[in-house]
Amino acid sequence: MIVAVVSGLGFGLSLIVAIGAQNAFVLRQGLRREYVAAIVLVCTASDAVLISAGVGGLGALVEAAPVILTVARLAGAAFLLGYAVLAARRALRPGALTATVGGAAAAAPAVLASCLALTWLNPHVYLDTVVLVGSVASAHGSLRWWFGLGAAIGSAIWFSALGFGARLLSPLAHRRTTWRVLDAGIALIMLGSATTLLLGLR
């Protein structure tokens, strides 16, 4: 159980800790100290719902048709290997996560609407949470929900750290070395997860 939770935590963090629109938005609002709690809650709750859908839906399909597990593992492993390659390329050519600070405070409805749009209208969110987390969780069998819990905890930790710790993280976020190390770690985690999926086909 503990291994499944920790595995889910590591996998969830490896998916979410990357330079992207949603993370840049959370960082920006954290730097501005605008509606940080609400934004962190929306992002965390959204991920929890999507992860639950992935773990529950895929788990039910696998029980009804075991062949789906094989297909899911192959598809998941292929994507993870591709993701690992992209992360490795980012590590070799790191960017910097920037956020604009200053200006008048935006209205809460507009800010929350932007947060919801960045979360629910982003196809990569569905690919990461529903498809990838669901497929990797299925490899844990009866412990898949513990894996999903770990992934959800990873989301909560990341969004809380990014939003509430933005002022502390911002100096590091602007340095290429930070993202070089981070993306290198993500590449290794993705490679390890893909290997686990492929070994499960035996």
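Calculation criteria
For every chain, the first residue of its written sequence is number 1, and the numbers climb from 1 along that sequence. Totals for whole chains, interfaces and linings use every residue, but because this is a predicted model, local features are given only for residues with pLDDT of at least 70 and side-chain atom pairs only at 80 or more, for both listing and counting. For side-chain calculations, the full set of non-hydrogen atoms in the structure is used, while hydrogens and water are omitted. Think of it this way: any DSSP run of H or I at least four residues long counts as a helix, any run of E at least two long counts as a strand, and we number them from the N terminus. We call two residues contacting when some pair of their heavy atoms lies within 4.5 Å. We get accessible surface area from the Shrake-Rupley algorithm with a probe of 1.4 Å; when it comes to residues, only the shown protein chains can shield them. The rule for a salt bridge is simple: a side-chain nitrogen of Lys or Arg has to be within 4 Å of a carboxyl oxygen of Asp or Glu. Across the chain, each position has a pLDDT score giving the predictor's confidence in that residue, from 0 to 100. Axis angles are defined between N-to-C directions and span 0 to 180 degrees, where every axis is a line fitted to C-alpha atoms and, for a helix, only to the segment in contact. Any angle between 65 and 115 degrees counts as roughly perpendicular, while under 35 counts as roughly parallel, over 145 as roughly antiparallel, and the rest as oblique. Basically, the charged four are Asp, Glu, Lys and Arg, the nonpolar ten are Ala, Val, Leu, Ile, Met, Phe, Trp, Tyr, Cys and Pro, and anything else, Gly included, counts as polar.

## Structural notes on the overall build of the chain
Reasoning step 1: In terms of regular secondary structure, the chain is built from nine helices and zero strands.
Reasoning step 2: Scanning the chain from its N terminus toward the C terminus, one meets helices and strands in the order α-α-α-α-α-α-α-α-α.
Reasoning step 3: At a minimum sequence separation of 6, the contacts of the chain that also span at least 24 residues come to 88%.
Reasoning step 4: As displayed, the chain offers around 9900 Å² of accessible surface, 73% of which is attributable to carbon and sulfur atoms.

## Here we look at the pattern of salt bridges
Reasoning step 1: Following the criterion strictly, the structure yields one salt bridge and no others.
Reasoning step 2: For the salt bridge of aspartate 183 with arginine 90, the shortest nitrogen-to-oxygen distance reads 3.2 Å. Taken together, the residues aspartate 183 in helix α9 (residues 176-199) and arginine 90 in helix α4 (residues 67-92) connect sequence positions 93 residues apart.

## Here's the deal with the confidence of the model for the chain
Reasoning step 1: Scored by pLDDT, the chain has a mean of 81; 85% of the residues are at 70 or more.
Reasoning step 2: Mean pLDDT across the secondary structure elements of the chain bottoms out at helix α8 (residues 166-173), with 75, and peaks at helix α7 (residues 144-164), with 92.

## A few points about the packing of helix α2 (residues 21-32) against α7
In a pair of packed helices, the angle between the axes and the distance between the axes together describe the arrangement.
Reasoning step 1: It is the contact of α2 with α7, at a shortest axis distance of 7 Å, that shows an interaxial angle of 40°. With respect to α7, the element α2 is oriented oblique. Where α2 approaches α7, its residues Gln22, Asn23, Val26, Leu27 and Gly30 are matched on the opposing element by Trp158, Phe159, Leu162 and Gly163.
Reasoning step 2: When grouped by side-chain class, the residues that make up the contact of α2 with α7 number five nonpolar, four polar and no charged.

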